[in-house]
Amino acid sequence: MAASGAVEPGPPGAAVAPSPAPAPPPAPDHLFRPISAEDEEQQPTEIESLCMNCYCNGMTRLLLTKIPFFREIIVSSFSCEHCGWNNTEIQSAGRIQDQGVRYTLSVRALEDMNREVVKTDSAATRIPELDFEIPAFSQKGALTTVEGLITRAISGLEQDQPARRANKDATAERIDEFIVKLKELKQVASPFTLIIDDPSGNSFVENPHAPQKDDALVITHYNRTRQQEEMLGLQEEAPAEKPEEEDLRNEVLQFSTNCPECNAPAQTNMKLVKSGGAVEPLGTRITLHITDASDMTRDLLKSETCSVEIPELEFELGMAVLGGKFTTLEGLLKDIRELVTKNPFTLGDSSNPGQTERLQEFSQKMDQIIEGNMKAHFIMDDPAGNSYLQNVYAPEDDPEMKVERYKRTFDQNEELGLNDMKTEGYEAGLAPQR
């Protein structure tokens, strides 16, 4: 792990020299700590390493941290005091996600250049206005900003320019012209679009307006193609023999897992609440007018494809965030409050003026809603139609709740992977060829 944190492909780079025996591992709850400038206990691990630029010993620093709204990462930095060479990169400490993710950011002002960005090795970066693309696995992962991504691209293009000019290469002049265009982007003379497409699902772009919705940022989760699976080194499992079906509806299953907060070993209890995983013919949109504290006891089933919106707080929670949950309305609202208020980009040196105040105001209003002191609308929108909110007046209609069934758009079907799904005549395609 230390070697990969200090090695940059191609010269110059750094390689880790043999190190002494590692110290005993820290307690699980101290392995990955949230990024915070006020956390004095969060110190990087330092390892003496070999600099491949001057072949003297430099220093590699490793920091294990976690980002709410994102996940655990390893930040590594190498520096050589002899020649001045340095290199910084990040690696995801978690597994490859079930779906890929695509961030489409409309950069309109200089403030957008300061957005925090986590870009992994497998992420491709595109700027359509310049027909510019940085392919996947052509750069190491980085924890940076939008401006830092562009600066890094400029540095990569300028690296071999002296040799091209010395050889009177015709491409040198064209690259110089393109570098000028990239530098103009940093001034945001005109709006442009930045797209980060990561099949592993481990990249991230900050929403500086959290907990409010970011109109300039579109996040799309998608199913990977076979080529992307192969690129990530994922091998298709051989089909297993079909086991005998068991009736698990009345059983509580228990299996070992790790705690998502401290990574310590734990036990998870699971009860099957809905059989199958089919997508309903129509999407479901449930709107509840919260009028008093008794609404907090309503049972709620939120699927992974369900988004949540609270218009009075200008808040929207995208699908896949918080995953699927079977809880109460109070339980989900408390999970949302905890998720939003632990955003590291609103704390310490990364925060912008006013962000902390907005989060405190959001937390206070959320507490008022939970306590029944503030009326609000709670909206669940599930394109797959697999979410549910209890009607306490059943079998009569609930005067405070509205349930709508709607036809999905093309984009919603695309995100659910339905547009390319063959549901008719597929048996013929599976027939053996003779």
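Residues numbered from 1 in each chain as written. Predicted model: local features only at pLDDT ≥ 70, side-chain atom pairs only at ≥ 80, totals over all residues. Heavy atoms only, no water.

**Some details on unusual backbone geometry**
Argument step 1. Going from A394 to P395, the amide bond is cis rather than trans, its omega being 5°.
Argument step 2. Note that P395 resides in the loop between β23 (388-389) and β24 (401-406).
Argument step 3. Non-glycine residue D131 carries a positive phi angle of around 55°.
Argument step 4. Among the secondary structure elements, D131 is positioned in the loop between β9 (124-127) and β10 (132-134).
Argument step 5. Overall, the relative accessible area of 73% leaves D131 in the exposed class.
Argument step 6. A positive phi angle, close to 55°, is found at K168, a residue other than glycine.
Argument step 7. Tracing the backbone shows K168 in the loop between α3 (161-166) and α4 (170-186).
Argument step 8. Given a relative accessible area of 77%, K168 falls into the exposed group. (Helix = DSSP H or I, 4+ residues; strand = E, 2+ residues; numbered from the N terminus. Buried < 20%, exposed > 50% of the residue type's maximum accessible area, 1.4 Å probe, protein only.)

**Looking at the pairing of strand β17 (residues 283-290)**
Along any regular strand the residues' side chains alternate between the sheet's two faces.
Argument step 1. For β17, the buried fraction is high: six of the eight residues fall into the buried class.
Argument step 2. Pairing of β17 with β24 involves six bridges; the strand directions are antiparallel. Across the sheet, L288 pairs through a bridge with M401, a residue of β24.
Argument step 3. Inspection of the sheet shows β17 paired to strand β22 (residues 376-382) by seven bridges, in the antiparallel sense. The partner of L288 across the bridge, within β22, is F378. (Pairing = 2+ DSSP bridges.)

**Structural notes on the sheet that holds strand β8 (residues 116-119)**
Argument step 1. Pairing within the open sheet is antiparallel, and its three strands lie in the order β11-β8-β13. Across the chains shown, the open sheet's two edge strands, defined by having one partner strand only, are β11 (142-145) and β13 (204-205).
Argument step 2. Where β8 meets β13, two bridges bridge the pair, whose relative direction is antiparallel. Across the sheet, residue V118 finds its bridge partner in β13, namely F204.
Argument step 3. Across the sheet, helix α2 (residues 146-158) touches β8 and β11, and the angle it forms with β11 is around 110°. (Contact = heavy atoms within 4.5 Å. Axes fitted to C-alpha atoms, helices over the stretch in contact; angles between N-to-C directions.)

**A closer look at helix α7 (residues 355-370)**
Argument step 1. End to end, α7 covers 23 Å across 16 residues, agreeing with the expected 22 Å (1.5 Å per residue, within 8%).
Argument step 2. Along its buried surface, α7 packs onto β17, β19 (307-310), β20 (315-317), α6 (329-341) and β22.
Argument step 3. G372, located one to two residues past α7, shows a positive phi value of around 85°. (Expected span 1.5 Å × (residues − 1).)

**Quick notes on α2**
Argument step 1. Relative to the 18 Å expected for 13 residues at 1.5 Å per residue, α2 spans 19 Å between its end C-alpha atoms, a close match to the ideal helical length.
Argument step 2. Of all the residues in α2, the buried ones are V146, L149, I150, A153 and I154. Along the long axis of α2, the arc covered by the buried residues comes to 135°, so they all point the same way.
Argument step 3. Contact partners of the buried residues in α2: β7 (100-107), β8, β10, β11, α4 and β12 (192-198). (Arc of directions from axis to C-beta.)

**Things to note about the sheet that holds β24**
Argument step 1. Spatial ordering of the open sheet is given by β20-β19-β22-β17-β24, a layout of five strands whose pairing is antiparallel. One side of each edge strand has no neighbouring strand; the edge strands of this open sheet are β20 and β24. Across this sheet, the average inter-strand angle for adjacent strands is 15°, counted without regard to direction.
Argument step 2. Packing of α6 onto the sheet brings it into contact with β17, β19, β20 and β22, and relative to β20 it is tilted by some 100°.

**Structural notes on the side chain of S363**
Argument step 1. On the secondary structure map, S363 appears in helix α7.
Argument step 2. The buried category is assigned to S363, whose relative accessible area is 17%.
Argument step 3. Apart from the residues lying within four places of it in its own chain, the contact partners of S363 are R337 and T341.

**Details of the packing of aromatic side chains**
Argument step 1. The final tally for this structure, using the stated rule, is two aromatic pairs.
Argument step 2. Between F132 and F178, the ring centres sit 5.3 Å apart and the planes meet at 45°, which makes this aromatic pair tilted. Note that F132 is positioned in strand β10 and F178 in helix α4, a separation of 46 residues in sequence.
Argument step 3. Taking relative accessible area as the criterion, F132 reaches 14% and is therefore assigned buried.
Argument step 4. Ring geometry for F315 versus F362: centroids 5.4 Å apart, planes at 45°, classification tilted. A residue pair is termed long-range when its members are at least 10 positions apart, and F315 in strand β20 and F362 in helix α7 qualify at 47 residues. Each member of the pair, F315 as well as F362, is classed as buried. (Phe/Tyr/Trp six-rings, centres within 6.5 Å; stacked < 30°, edge-to-face > 60°.)

**Details of the confidence of the model for the protein**
Argument step 1. The share of residues in the protein with pLDDT of 70 or more is 74%, and the mean pLDDT across the chain is 78.
Argument step 2. In the predicted structure, residues 1-29 sits below a pLDDT of 50 and forms 56 contacts with residues beyond four places in sequence or in another chain. (pLDDT = per-residue confidence, 0-100.)

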